[in-house]
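Chain residues, written in single-letter form:
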2 protein chains.
Amino acid sequence: MANIKEIARMAGVSVTTVSRVLNNHPYVSKDKRAAVLQTIEQLNYTRNMNAVHLITGRTGAVAVILPYIHAFYFSIIMNGLAHEALLSQYRLILCQSNYLEEEEIKVLEMLRHKEIDGVVIVSTALKPDIIEEYTAYGPVVTCQDSGERRYSSVYIEHYAAFREGLEYLTGKGYRSIGYCEGRSNGSSAVIRQAAYREFIAEHKLAFEEEWMIYDCTTEEDGAAAAQSLLKMPQRPEAMIITGDHVAAGLIIEARRAGLSIPGDLAVMGFDNQPIGRLLQITTMDNHLYEMGAAAFRIIHEQIHSERPEPVYRKLDYRIIERSTV
Amino acid sequence: MANIKEIARMAGVSVTTVSRVLNNHPYVSKDKRAAVLQTIEQLNYTRNMNAVHLITGRTGAVAVILPYIHAFYFSIIMNGLAHEALLSQYRLILCQSNYLEEEEIKVLEMLRHKEIDGVVIVSTALKPDIIEEYTAYGPVVTCQDSGERRYSSVYIEHYAAFREGLEYLTGKGYRSIGYCEGRSNGSSAVIRQAAYREFIAEHKLAFEEEWMIYDCTTEEDGAAAAQSLLKMPQRPEAMIITGDHVAAGLIIEARRAGLSIPGDLAVMGFDNQPIGRLLQITTMDNHLYEMGAAAFRIIHEQIHSERPEPVYRKLDYRIIERSTV
DNA sequence: GCTTGCTATGGAATCCATTTCATACTTTAC
DNA sequence: GTAAAGTATGAAATGGATTCCATAGCAAGC
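Calculation criteria
Per chain, the residues get numbers from 1 upward, laid out in the order the sequence is written. Labels follow written order: the first chain is A, the first ligand is 1, and so on. Reporting of local features is limited, given that this is a predicted model, to residues whose pLDDT is at least 70; pairs of side-chain atoms are given and counted only at 80 or more, and all residues count toward the totals for whole chains, interfaces and linings. Side-chain figures throughout are based on the complete set of non-hydrogen atoms in the structure, without hydrogens or water. With a 1.4 Å probe rolled over the protein chains alone, any residue whose accessible area is under 20% of its type maximum counts as buried; one over 50% counts as exposed, and the rest are partly exposed. Helix numbering and strand numbering both begin at the N terminus, where a helix is a DSSP run of H or I of at least 4 residues and a strand a DSSP run of E of at least 2. Two strands make a pair as long as DSSP finds a minimum of two bridges between them. Crossovers are marked right-handed if the path from the first strand over the helix to the second runs clockwise, as seen with the strands pointing away from the viewer. UniProt positions are given in the numbering used here, feature names are shortened, and annotations may be inferred rather than shown by experiment. The disulfide criterion is simple: two cysteine sulfur atoms within 2.5 Å.

For chain A, an unreviewed UniProt entry supplies the name DNA-binding LacI/PurR family transcriptional regulator and the organism Paenibacillus silagei.

Now the structure itself:
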């Protein structure tokens, strides 16, 4: 395959001039530019981008760390990221970590190896201290609230959002509220648990330990949760559920068992997913697309800034009132 | 940042020896290896992978072209791809094209620029001839049946699979069958339409043009389709629907309107999605995860083979009988 | 004792583009 | 008329690795 040297030789100019043509530098005469372009055409030449990356120290790529893509929550954030990346002519390298620290570190190492210009961490199993070490090699943005670290974050205030959900439910008169959560030890799950317990205590609401149901990540987990509820001697009047698809599973199963929603059981979901719209689930919209988009915009800005300062961007959220509460 | 030359100087060896240590070449004495490793540790050295990519002509990355990731169909294929990529220590570059030819070409150009080692095209708007041009620069695998082209493919026989679905329905006694499809001009959609029309004609089944409903890609499109069905003077006894989430929308809406499924309307879905399992939708499992996994395995093999021959891998499919037919 | 063959090591070429620096010719400005 | 600014061009240094080739010591084989 032809290289820049050969083009230069054939077009009768210097390598520098060819490079100038390739990069649209103004100081090239019309004739020479034309000669170079013709030779390029003739030899079907293109740059070897690896050489460009080597000498410029930039790759035009950003890696994204998330556990798995086949989950609405992550795929929507990814969608926001991808859309902005497209606009900025950046490439995204997708790394499904499955929460394996080893894999996540491997991605951060890519930053050190100069294979990528930045890293967006959508969700991680890594400790903030480890992530911080890598900020020496390039910008990092997380989609989790990590406090004021040496890397940026775009996050939802899970504590406040969850409280607002609970307040909405109590405002509607419900005095006993259950809770379905995903991974029990996830960083946002821990925050929500605290919000839940504190709110219950403050408002002296009814509470049973079994009303907190963990590891609900699929529609079927929601259906299983409904089954558990049906077997309980004391059932809560309302459920708050992180993820509309889980809420959907619970609602469908509960209805199948003859419960009326919200009459016998009120349900509030999270994430404003399409399935939630279909089932008219009252939900907390936490602007996931915007989260991804904002994360990319921040990392893009930081890549192009001389001395990037970490940014901490808080996203807003809002309740979408439909008919399951 | 330190480079290999500096390491060599500090460790008192040649650059070649450092490279040998880095690449685990056997012909390095114990002492020198130790000295090199210690210097590397001391200077916190890592290779600049761009230099490695330049000289080796490999990048260890494969690009994936798909229209959007926030759709079950694509996210599951991506999951299969990602899982295999992880096993092979390969990186995936995700390109959401939104079916913009311009963006898709850009990705193929990356192959020409040597930025990636291969391309997996999950779904595309490009003509096969254009894709074929790029096979000169590296291996390409599609997840569509493109016939015997100069690039590989992993595909489902949509014609046969769809026919089998129709046969299943007629086997159950249904004599009038409607049809919900996604993008009407999608490559697999076109094949299914043919299968549908031909099957109807062959078996002399009842048919109304309005029983073919297009552009059903979301749950809500399914719900809208249910509304259309309800308004029809002549309603089919069964519906065959490409995508369980669309089928779910249709079922939920139809039940809401008082129809009994399958009594008043039988529904057969596609893709074996979680929501389908929850609603007990009879569906056609077309092994999407396996499709992604196989696509990666093929491209990986071709990257490492001297003279890769295109491979055409046909996947099987099977009906999962549940309770909506 | 001499030929092979293996281990160990380094020099130099190679991959391919960008960019700095040096040079020289034109304009423009005062 | 001369200094300053702008245009046009190329040589050479640079980024940072891998790998071919040459050399040499040493053990085994006959």
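Moving on from the coordinates now.
A. Looking closely at the pairing of strand S2 (residues 91-96) of chain B. Most of S2(B) sits inside the fold, with six of its six residues counted as buried. Residue alternation in S2(B) divides its side chains into two sets, B:Arg91, B:Ile93 and B:Cys95 and B:Leu92, B:Leu94 and B:Gln96, and both sets are buried. As paired elements, strand S2 (residues 91-96) of chain A and S2(B) share three bridges and run antiparallel to each other. Across the sheet, A:Leu94 pairs through a bridge with B:Leu92, a residue of S2(B). Crossover connection from strand S1 (residues 61-66) of chain B via helix H5 (residues 72-87) of chain B to parallel S2(B): handedness right-handed.

B. View of the UniProt feature "domain: HTH lacI-type" (unreviewed entry) in chain A. Mapped onto this numbering, the UniProt entry gives "domain: HTH lacI-type" (unreviewed entry) at residues 2-56 of chain A. Secondary structure across residues 2-56 of chain A divides into 69% helix and 0% strand, with the first and last C-alpha atoms of the span separated by 21 Å.

C. Local environment of the sheet that holds strand S7 (residues 212-213) of chain A. All names here are of chain A. Read from one edge of the open sheet, six strands run S7-S6-S8-S9-S10-S12, paired in mixed fashion. Edge positions in the sheet fall to S7 and strand S12 (318-320), since each has one partner strand and no second. Both strand S6 (residues 177-180) and S7 contribute to a ladder of two bridges, which runs parallel. Each bridged residue has a counterpart across the sheet, and for Tyr179 the counterpart in S7 is Met212.

D. Region of interest: the state of the cysteines. Enumeration over the complete set of coordinates arrives at zero disulfides over all chains. In this structure A:Cys216 is not part of a disulfide, and its nearest cysteine sulfur, from A:Cys180, lies 4.0 Å away. Here B:Cys95 stays free of any disulfide, with the sulfur of A:Cys95 as its closest cysteine sulfur at 13 Å. Judged by relative accessible area, B:Cys95 falls into the buried class, the value being 12%.

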